[in-house]
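So you can see what is in the structure, the chains are spelled out below.
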Amino acid sequence: MHLKILSYNIHKGFSVTNRKFVLQNIKKAIKLTDADLVLLQEVIGQHDIHSKKIDHWPTCTQLEFLADETWPHYAYGKNAVYEAGHHGNAILSKYPILEWKNINISSNKFEERGLLQTLIQLPNLSIPLLCICVHLSLFRNGQHWQINQIRSAVKAHAHGKGPVIVAGDFNDWRCIASSIFEKDLLEVFQELHGQHARTFPALAPLLRLDRIYYRDILALNASVLSGDPWRSLSDHAPICAELKINEELI
């Protein structure tokens, strides 16, 4: 079977300049991608101030608003907690999520980070897909430790076999993650295009921050969604990949 994956840092539903609340436009844009799995970073779970002051703030959580009827299965990991509310990572899925957990991978007192880990049941597949959404530290030492936490989770899945997708905002402009992962995980843009995708800032992507890693899956194509409407939404450009699940690889 084929899977379409979208990874996107939605900047809490605000435009690049933070002047406009654009969550409704983000919802329309990601729906048009027809992705099977959507891995999101900087999703607000609750904000008591914004909900009272901002027009068109959803009456449900941002996660539920975005999922709507398109993605009936979803999970949210609360990471950054503050007086008005919290935000974190989220996964939207067209296929059942069997279980999920959010692991604290904060590496310093200034950043609250989590590893949102889900098991997803795909049709006719004996081993569930391990799908992990991440948003890593801005600091190199923290990133190195967090990447090794991801490696441990991946190695533990199905005794080192079975399909895995790890995607999100790695903040890895130094491009160290792939060398640490080595053969544990492949990165879709690096495999197909020879280098990681430029995704930040969305208006003129320069830095290679966002990734889609995989194991025991075939990569078919990958692209950065730039231009309209994406450049007027978040500060990140989303990345999209089409993968083929082949049980013979497991």
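You'll find the structure just up there.
Residues numbered from 1 in each chain as written. Predicted model: local features only at pLDDT ≥ 70, side-chain atom pairs only at ≥ 80, totals over all residues. Heavy atoms only, no water.

To continue, consider the sheet that holds strand S12 (residues 239-244). One open sheet holds the six strands; their spatial order is S3-S4-S2-S1-S12-S11, and the pairing between them is mixed. Pairing within the sheet leaves two strands with one partner each, and these edge strands are strand S3 (73-82) and strand S11 (218-224). On average, adjacent strands in this sheet sit at an angle of 25° to one another, irrespective of strand direction. As paired elements, strand S2 (residues 37-47) and strand S4 (residues 85-93) share eight bridges and run antiparallel to each other. Bridge pairing links leucine 39 to isoleucine 91 in S4. (Pairing = 2+ DSSP bridges. Helix = DSSP H or I, 4+ residues; strand = E, 2+ residues; numbered from the N terminus. Axes fitted to C-alpha atoms, helices over the stretch in contact; angles between N-to-C directions.)

Attention now moves to the nonpolar core. If you look at the biggest cluster of nonpolar residues, it comprises 29 residues, and the most contacted ones within it are Leu3, Leu37, Leu129, Ile165 and Val188. Residue contacts for leucine 3: discarding those within four places in its chain leaves Asp36, Leu37, Tyr95, Leu122, Leu129, Ile165, Ala241, Glu242, Leu243 and Ile245. Of all hydrophobic cores here, the second largest spans 28 residues; its members include Phe14, Phe21, Leu63 and Ala90. (Core = buried A, V, L, I, M, F, W, Y, C linked by side-chain atoms within 4.5 Å. Buried < 20%, exposed > 50% of the residue type's maximum accessible area, 1.4 Å probe, protein only. Contact = heavy atoms within 4.5 Å.)

This part covers the side chain of serine 7. Considering the arrangement of structural elements, one finds serine 7 in strand S1 (residues 2-9). Take serine 7: its relative accessible area is 0%, and that puts it in the buried class. One polar contact links the side chain of serine 7 to the main-chain amide nitrogen of glycine 168, over a distance of 3.3 Å. Excluding residues that lie within four positions of it along the chain, serine 7 makes contacts with Leu39, Gln41, Ala167, Gly168, Arg211, Ile212, Pro238 and Ile239. (Polar contact = N/O pair within 3.5 Å; in protein donor to acceptor, adjacent residues only side chain to side chain.)

A separate point is the pattern of salt bridges. Applying the stated criterion across every chain, the model contains seven salt bridges. Between aspartate 34 and lysine 94 there is a salt bridge whose closest N-O contact spans 2.6 Å. Of this pair, aspartate 34 sits in the loop between helix H1 (23-33) and S2 while lysine 94 sits in the loop between S4 and strand S5 (97-104), and the two are 60 residues apart along the sequence. (Salt bridge = Lys/Arg side-chain N within 4 Å of Asp/Glu carboxyl O.)

For the rest of this paragraph, the subject is the pairing of S1. For S1, a buried count of six out of eight residues is recorded, marking the element as mostly surrounded by other parts of the structure. Relative to S12, S1 runs antiparallel, the two being bridged by six bridges. Each residue of the ladder has a partner; that of lysine 4, found in S12, is glutamate 242. The sheet contact formed by S1 and S2 spans five bridges and is parallel. Counterpart to isoleucine 5 in the pairing with S2 is leucine 37.

These results come straight from atomic positions and should not be treated as a statement about function.
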